[in-house]
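Residues per chain are reported as follows:
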Amino acid sequence: MYHIDAEKLEQVTDIVNNETDPAATAELVKAEICADWNEGDEHQAWIESATPQEIADWIVSFYAK
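Residues numbered from 1 in each chain as written. Predicted model: local features only at pLDDT ≥ 70, side-chain atom pairs only at ≥ 80, totals over all residues. Heavy atoms only, no water.

Chemist: What should I look at first to understand helix 3 (residues 41–49) in this one?
Modeler: Buried residues of helix 3: H43, Q44 and I47, and no others. Projected down its long axis, helix 3 carries its buried residues within an arc of 100°, all on one side. Of the residues in helix 3, the exposed ones pointing more than 90 degrees away from the buried face are D41, E42, E48 and S49. Considering only its buried residues, helix 3 is in contact with helix 1 (6–19), helix 2 (26–33) and helix 4 (52–60). (Buried < 20%, exposed > 50% of the residue type's maximum accessible area, 1.4 Å probe, protein only. Helix = DSSP H or I, 4+ residues; strand = E, 2+ residues; numbered from the N terminus. Arc of directions from axis to C-beta. Contact = heavy atoms within 4.5 Å.)

Chemist: Sorry if this is basic, but what is going on with the side chain of T13 here?
Modeler: Mapped onto the secondary structure, T13 falls in helix 1. When its relative accessible area of 5% is taken as the criterion, T13 is described as buried. Other than its neighbours up to four places away in sequence, T13 contacts A24, T25, A26 and V29.

Chemist: How should I be thinking about the packing of aromatic side chains in this particular structure?
Modeler: Two aromatic rings, taken as a pair, are described by how far apart their centres are and by the angle between their planes. Under the defined criterion, the tally for this structure stands at four aromatic pairs. Aromatic rings pair up to connect W37, W46, W58 and F62 into one cluster. (Phe/Tyr/Trp six-rings, centres within 6.5 Å; stacked < 30°, edge-to-face > 60°.)

Chemist: Looking at this structure, I do not really get the packing of helix 3 against helix 4. What am I missing?
Modeler: A pair of packed helices can be characterised by two numbers: the angle between their axes and the separation between those axes. The N-to-C vectors of helix 3 and helix 4 enclose an angle of 125°; their axes lie 8 Å apart at closest approach. The pairing of helix 3 with helix 4 is recorded here as oblique in orientation. For the pair formed by helix 3 and helix 4, the contact residues are H43, W46 and I47 on the first element and E54, I55 and W58 on the second. Class assignment of the residues belonging to the contact of helix 3 with helix 4 gives a composition of four nonpolar, one polar and one charged. (Axes fitted to C-alpha atoms, helices over the stretch in contact; angles between N-to-C directions. Parallel < 35°, antiparallel > 145°, perpendicular 65-115°, else oblique. Nonpolar A, V, L, I, M, F, W, Y, C, P; charged D, E, K, R; others polar.)

Chemist: Can you help me understand the nonpolar core in this one?
Modeler: Nonpolar side chains in soluble globular proteins tend to be buried together. Membership of the largest hydrophobic core comes to 16 residues, with the highest contact counts inside it found for I4, V12, V16, V29, I33, I55 and I59. At the level of secondary structure, the elements contributing two or more residues to this core comprise helix 1, helix 2 and helix 4. Setting aside anything within four residues of it in sequence, one finds V12 in contact with V29, I33, P52, I55 and A56. (Core = buried A, V, L, I, M, F, W, Y, C linked by side-chain atoms within 4.5 Å.)

Chemist: Explain a negative patch on the surface to me, please; I cannot follow it from the model alone.
Modeler: A contiguous patch of negative charge on the surface is contributed by D5, E7, E10, D14 and E48. Looking at which element gives the most residues to the negative patch, the answer is helix 1, with three residues. Looking at the secondary structure, you find E10 in helix 1. Judged by its relative accessible area of 52%, E10 falls in the exposed class. (Patch = residues over 30% accessible without salt bridge, like charges linked within 9 Å, V, L, I, M, F, W, Y side chains within 5 Å. Areas by Shrake-Rupley, 256 points an atom, 1.4 Å probe, with all protein chains shown as cover. Salt bridge = Lys/Arg side-chain N within 4 Å of Asp/Glu carboxyl O. Lys, Arg positive; Asp, Glu negative; His and termini not counted. Charge placed at Lys NZ, Arg CZ, Asp CG, Glu CD.)

Structure, rendered in structure tokens:
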């Protein structure tokens, strides 16, 4: 299972709230980030190295345009 530290999760959630979806909760954002992705260690490494903005942009890409 993947993990994201609490501070980064808070930053990502704040960005998503401010830029796209004010109703998105930290739990929802974390569920997307830590879902059962096939990339394995690569996904965890990305979670750790990506900026909060990069992760927020990725989350927003799931929203219908």
